[in-house]
Amino acid sequence: EAEVAQSPRYKITEKSQAVAFWCDPISGHATLYWYRQILGQGPELLVQFQDESVVDDSQLPKDRFSAERLKGVDSTLKIQPAELGDSAMYLCASSPGTGKGTEAFFGQGTRLTVV
Amino acid sequence: GENVEQHPSTLSVQEGDSAVIKCTYSDSASNYFPWYKQELGKRPQLIIDIRSNVGEKKDQRIAVTLNKTAKHFSLHITETQPEDSAVYFCAALRNFGNEKLTFGTGTRLTIIP
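About the cut-offs
Residues numbered from 1 in each chain as written. Chains lettered and ligands numbered in written order. Predicted model: local features only at pLDDT ≥ 70, side-chain atom pairs only at ≥ 80, totals over all residues. Heavy atoms only, no water. Pairing = 2+ DSSP bridges. Helix = DSSP H or I, 4+ residues; strand = E, 2+ residues; numbered from the N terminus. Axes fitted to C-alpha atoms, helices over the stretch in contact; angles between N-to-C directions. Salt bridge = Lys/Arg side-chain N within 4 Å of Asp/Glu carboxyl O. Buried < 20%, exposed > 50% of the residue type's maximum accessible area, 1.4 Å probe, protein only. Core = buried A, V, L, I, M, F, W, Y, C linked by side-chain atoms within 4.5 Å. Contact = heavy atoms within 4.5 Å.

Draft legend 1. A look at the sheet that holds strand β1 (residues 4-7) of chain B. All names here are of chain B. The strand order β1-β3-β8-β7-β6 describes an open sheet built from five strands, whose pairing is antiparallel. Lying at the two open borders of the sheet, with one neighbouring strand each, are β1 and β6 (56-59). Strand after strand, the sheet turns through a mean of 15° between neighbouring axes, direction not considered. By the bridge criterion, four bridges tie β1 to strand β3 (residues 19-25) in an arrangement that is antiparallel. The residue of β3 that forms the bridge with E5 is T24.

Below is the structure:
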């Protein structure tokens, strides 16, 4: 069964350092989401891609966060510099895209701890 | 943008009883409403979904109802079992133009043996 792949599963970093997360969506899925989930809360959308284009990054703290999906396949989310408040689970999800089905499939997530 | 509110934030029920979780949404253009279950330390997984042209959908012990006029939808779990203990998230998606999937804040369901 196809799955969304994320790495690393866990990351501990010192504040002010740079950190990057990687996501490989299910093959053929045009829509890719990055969510941040703070313990005990619902996933909060950070950025959404349709193929290689950003369609929503209104909640992305652009002074420190960046995301790219250069070839419309896998994606990287970067934080520089990391702050203590960035500690959270970062979830990637993908779906077929508009008009092709709507179920979003989640990866296992990357748990980030900033110390 | 879309705003999804979910209640209650925590819910405890006796094993065998029913559990109901309710959500409201703000964007009348939303037309797809999935429910996800997230067990501790695991990814959210879809358990049931409903589209705006349907009022109710059932899958064994799980059912979802949708009231488009009132803009609310609910998850119903009957004959609850210990393995139903988890956090449940509702979501709403606007599926024209660019899709946008917005989640509720979650309900922690605990089944008491």
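Moving on from the model shown.
Draft legend 2. Molecular detail of the pattern of salt bridges. Throughout the structure, instances matching the rule amount to nine salt bridges over all chains. Between A:D57 and A:K62 there is a salt bridge; the shortest N-O distance is 3.7 Å. Here A:D57 falls in the partly exposed class, since its relative accessible area comes to 27%. For B:K42, the salt bridge identified is with B:E39, shortest N-O distance 3.7 Å. On the basis of relative accessible area, B:K42 is assigned to the partly exposed category, the value being 48%. Here the residues in one salt-bridge network are A:R64, A:E83 and A:D86, joined through shared partners.

Draft legend 3. Inspection of the nonpolar core at higher detail. If you look at the biggest cluster of nonpolar residues, it comprises 23 residues, and the most contacted ones within it are B:W35, B:F73, B:L75 and B:L109. Counting residues per element, the ones that place at least two in this core are β2 (10-14), β3, β4 (32-38), β5 (45-51), β7 (62-67), β8 (72-77), β9 (86-94) and β11 (107-112) of chain B. If we skip the residues at most four places from it in the chain, B:L109 touches B:L11, B:V13, B:A19, B:I77, B:D84, B:S85, B:A86 and B:Y88. The next biggest cluster of nonpolar side chains, apart from the first, holds 20 residues, and it includes A:V4, A:F21, A:I26 and A:L32.

Draft legend 4. A look at the pairing of strand β8 (residues 75-79) of chain A. Residue and element names in this part refer to chain A. Across the five residues of β8, four count as buried, placing the element largely inside the fold. Judged from the five bridges that link them, strand β3 (residues 19-24) and β8 form a sheet pairing that is antiparallel. Following the sheet pairing, F21 is matched in β8 by L77. Summarising the sheet, strand β7 (residues 65-68) and β8 pair through four bridges and their orientation is antiparallel. By the bridge assignment for β8, S66 is matched with K78.

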